[in-house]
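# Coordinate analysis (summary)
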Amino acid sequence: MGLTFAEKVLSRKAYQEVHAGDCVIVDVDVMMASDTTGPIAIKAFESMGGKQLFHKDRTVFILDHATPCPNERIAALHKLIREFCGEQKCVFFDQNHGVCHQVMLEKGLVHEGDLVLGGDSHTCSYGSVGAFSTGVGSTELGGAMLTGKTWLMVPQTTRIELSGKLPEGVYAKDVVLKIIGDLTSDGVTYKSVEFAGDGFARFTQEEATTVCNMTIEMGGKNGVFLSALTDPGLMPDKDAVYEQVLYYDASEMVPMVSCPHTVDNVKPVTEAGPEKVDLVYIGSCTNGRLSDLQVVAQILKGKHIAPSVRLLVCPASNQVLMQAIEHGYIQTILEAGGTISTPGCSLCVGTLGGVPGDGENVLSTTNRNFKGRMGNSKANVFLSSPATAASSAITGVLTDPREVIQR
Amino acid sequence: MSKALVYGDNINTDLVIAGKYTKTLNFEELAAHCMEDLDPQFSCRVKPGDVLVAGRNFGCGSSREQAPLAIKYAGISAVLAQSFARIFYRNAINVGVPALICNTSSIQDGDEIEVDMTQGIVTVNKTRKIKCQSLSPIMQSILSAGGLVPFLKEKGDFVLD
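Quantities reported herein were computed from a predicted structural model and do not represent experimental measurements.

## A look at the overall build of chain B
- Each helix and strand in chain B was counted, giving seven helices and seven strands.
- Across chain B, helices and strands are ordered from the amino to the carboxyl terminus as β-α-α-α-β-α-β-α-β-β-β-β-α-α.
- A compact globule built from 161 residues would reach a C-alpha radius of gyration of about 15 Å, and chain B, at 15 Å, matches this within 12%.
- Overall, chain B is about 40 × 40 × 25 Å in size when its C-alpha atoms are taken along their principal axes.
- By the burial criterion, 52% of the 161 residues in chain B qualify as buried.
- Considering only intrachain contacts with a sequence separation of at least 6, the fraction spanning at least 24 residues in chain B is 67%.

Okay, here's the thing in structure tokens:
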């Protein structure tokens, strides 16, 4: 019987051949925590009797969820993390880097075939470089920091094949939103997802990261792009056993939007109605990379946002920000009436960075539109691609980017 | 006497505890805001030992362990749902909150609930019995230790019994 990617990686990490349904103890290669999950992970590690990290060179703390620090309470938590990292001599990125997942990939801290545990649900992003990466809570991370291990149930796998090429104005985000709408928010709960086919193989690593990032929004444990795999020992076998195989045709894809208040409430932009848009947010580990800002700048070039709209752009990292400055994208966004935020999670998690008012509609390139997500439970959050977001910032209503691009 | 506090499907961790409240090590503060955006009366309604009951996919979304911690410090003794999102499921067990999968469709808000952890049986209003899906052996060991901290403090490493 052939093995899936998940079974192959976990067999290596468990030092025995394992199959879906097995409960195994596995070696963890890389551990990451943010300022939301880090403090409790540190307390758990210490309460477990931890004195020294099992892998100090592969334990990473990144301040991103509430940066720059908005108040004294969070300042105390940031300080706790800084001091712990100083004592342990582990890997630490302060507020001058960016969103944890972008930083992990930029700094080359994740490799093909690695088993990565991150104290953030979007840790599943690293399937774009061929890692088996999954989100965990703080205490579990504390356990891995102590032992270098965790336990896992070997997941069944859903394989999603995309064939063909995307039409103009349609992006990776539209594809993953379409899939989430079809599968729903618990469609692949506990399962691993393999993204396969020539359509996904055409995606750049940045686009692959957008897709893998949102595997958690269908309930998945991890997602992996098969096109990222170079090690034949990790490639799923031809006779691997899948829980289900789904097929999509890229040429049939259209711009999609997730409507309030669940990610799986997905419609084509043209069917979501002429919703007014008060605030447009472009950023996050899903869609705040250089290629995203390039698309946004191309759409905004020589235009101005609608007077009724606030446009907030938050590059995913300082590196992205510097490159976007070099390419002139930031200049274009500012000239079009946008506001640039400090790289980090910013408004995506509603702790700071432009919280919306009661009854306002936000169009965001992030990954979640749950009620209250952006700090106000009386606001409505819609999710889309950067192209749809930029186009809607110009018109002031939810707009199919193909209408603006063709003008 | 434990009462059921009943909610629907797909209750995400942002609804259990909003992101703006998660940055704290004072877990009583989390409890004060538990379920706030879904049920503003939750913190007044909940009594120590009460049982939180939900439908499908409870705890979807963020990895924030502050969600099961908010529930625990609010006094909830167990969470019953038809299914759990995987990170929440692990987190709940890791902080010592029983998360049990069973058919919750007939449980009404305010019903009297008794949970027999050893048998995996939920008794509703002293009469109706509902069988829970059993936890995996390692999850049972972690839960009976009181969570992952006491489990690893005692064993020093992950072990499969």
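Having put the structure on the table, let's press on.
## Details of the packing of helix α2 (residues 38-47) of chain A against helix α3 (residues 72-88) of chain A
Residues and elements named next belong to chain A.
- Interhelical geometry of α2 versus α3 gives an angle of 50° and a closest axis separation of 9 Å. Between α2 and α3, the angle falls in the class oblique. Note on packing geometry: the crossing formed by α2 with α3 is left-handed. Across the interface between the two elements, Gly 38, Pro 39 and Ile 42 of α2 pack against Leu 77, Leu 80, Ile 81 and Phe 84 of α3.
- The residue inventory of the contact of α2 with α3, partitioned by class, reads six nonpolar, one polar and no charged.

## Structural notes on the sheet that holds strand β5 (residues 113-116) of chain B
Residues and elements named next belong to chain B.
- Taken together, three strands build an open sheet; the order of strands is β5-β6-β7 and the sheet is antiparallel. Single-partner strands in this sheet number two, and they are β5 and β7 (128-131). Strand-to-strand, the axes of this sheet are offset by a mean angle of 20°, without reference to chain direction.
- The pairing of strand β6 (residues 121-124) with β7 spans four bridges and is classified as antiparallel. Looking across to β7, one finds that Thr 123 is bridged to Lys 129.

## Observations concerning the pairing of strand β15 (residues 310-314) of chain A
Residue and element names in this part refer to chain A.
- Taking burial as the measure, the five residues of β15 include four buried ones, the bulk of the element.
- Alignment of strand β14 (residues 279-283) against β15, held across five bridges, turns out to be parallel. By the bridge assignment, Leu 279 is partnered in β15 with Arg 310.
- Inspection of the sheet shows β15 paired to strand β16 (residues 338-340) by three bridges, in the parallel sense. What sits directly across from Leu 311, in β16, is Gly 338.

## A look at the domain arrangement of chain A
All names here are of chain A.
- Considered domain by domain, chain A is made up of domain 1 (28-153), domain 2 (155-254) and domain 3 (258-399).
- Computed from C-alpha coordinates alone, the two centres of domain 1 and domain 2 are separated by 26 Å.
- Mapped by element, the contributors of at least two residues to the side of domain 1 that touches domain 2 are α4 (100-106) and β6 (132-135).
- For the side of domain 1 that touches domain 2, the leading source of residues is β6, giving four residues.
- Classifying every residue of the side of domain 1 that touches domain 2 gives five nonpolar, eleven polar and one charged.

## Considering the nonpolar core
- Among the nonpolar cores identified, the biggest contains 196 residues, and Val 280 and Val 296 of chain A together with Cys 34, Ala 70, Ile 71 and Val 79 of chain B are the most heavily contacted of them.
- Residues in contact with Cys 34 of chain B, not counting those within four places in the same chain, are Val 16, Ile 17, Phe 42, Ser 43, Ala 70, Ile 71 and Ala 74 of chain B.

## Structural notes on helix α5 (residues 138-147) of chain A
- With nine of its ten residues buried, α5 of chain A lies for the most part within the structure.
- Those residues of α5 of chain A that sit buried are Ser 138, Thr 139, Glu 140, Leu 141, Gly 142, Gly 143, Ala 144, Met 145 and Leu 146 of chain A.

## Observations regarding the packing of α5 of chain A against helix α7 (residues 148-155) of chain B
- Running from amino to carboxyl end, α5 of chain A crosses α7 of chain B at an angle of 20°, the nearest separation of the two axes being 10 Å. With respect to α7 of chain B, the axis of α5 of chain A lies roughly parallel. In this structure, α5 of chain A crosses over α7 of chain B, and the sense of that crossing is right-handed. Across from Thr 139, Glu 140, Gly 143 and Leu 146 of chain A in α5 of chain A, the residues of α7 of chain B making contact are Leu 148, Val 149 and Leu 152 of chain B.
- Within the contact of α5 of chain A with α7 of chain B, the residues separate by chemical class into four nonpolar, two polar and one charged.

## Regarding the environment of Glu 140 of chain A
- The topology assignment puts Glu 140 of chain A in helix α5.
- Filtering out sequence-adjacent residues up to four positions away, Glu 140 of chain A remains in contact with Thr 150 of chain A together with Arg 90, Asn 94 and Leu 148 of chain B.

## A few points about the sheet that holds strand β8 (residues 157-163) of chain A
All names here are of chain A.
- What the four strands build is an open sheet, ordered β10-β9-β8-β11; its pairing is parallel. Two strands close off the open sheet at either side, each with one partner strand: β10 (222-225) and β11 (244-249). Direction aside, neighbouring strands of the sheet carry axes that sit 20° apart on average.
- Across four bridges, the pairing between strand β9 (residues 192-196) and β10 is parallel. Paired with Ser 192 across the strands is Asn 222, a residue of β10.

Definitions and limits used
Residues numbered from 1 in each chain as written. Chains lettered and ligands numbered in written order. Predicted model: local features only at pLDDT ≥ 70, side-chain atom pairs only at ≥ 80, totals over all residues. Helix = DSSP H or I, 4+ residues; strand = E, 2+ residues; numbered from the N terminus. Rg over C-alpha atoms; globule rule 2.2 N^0.38 Å. Buried ≥ 20, exposed ≤ 12 C-beta atoms within 10 Å, placed from the backbone. Contact = placed C-beta atoms within 7 Å. Axes fitted to C-alpha atoms, helices over the stretch in contact; angles between N-to-C directions. Parallel < 35°, antiparallel > 145°, perpendicular 65-115°, else oblique. Left-handed = near helix turned anticlockwise from the far one by under 90°. Nonpolar A, V, L, I, M, F, W, Y, C, P; charged D, E, K, R; others polar. Pairing = 2+ DSSP bridges. Domains from an automatic or database assignment. Core = buried A, V, L, I, M, F, W, Y, C linked by C-beta atoms within 7 Å.

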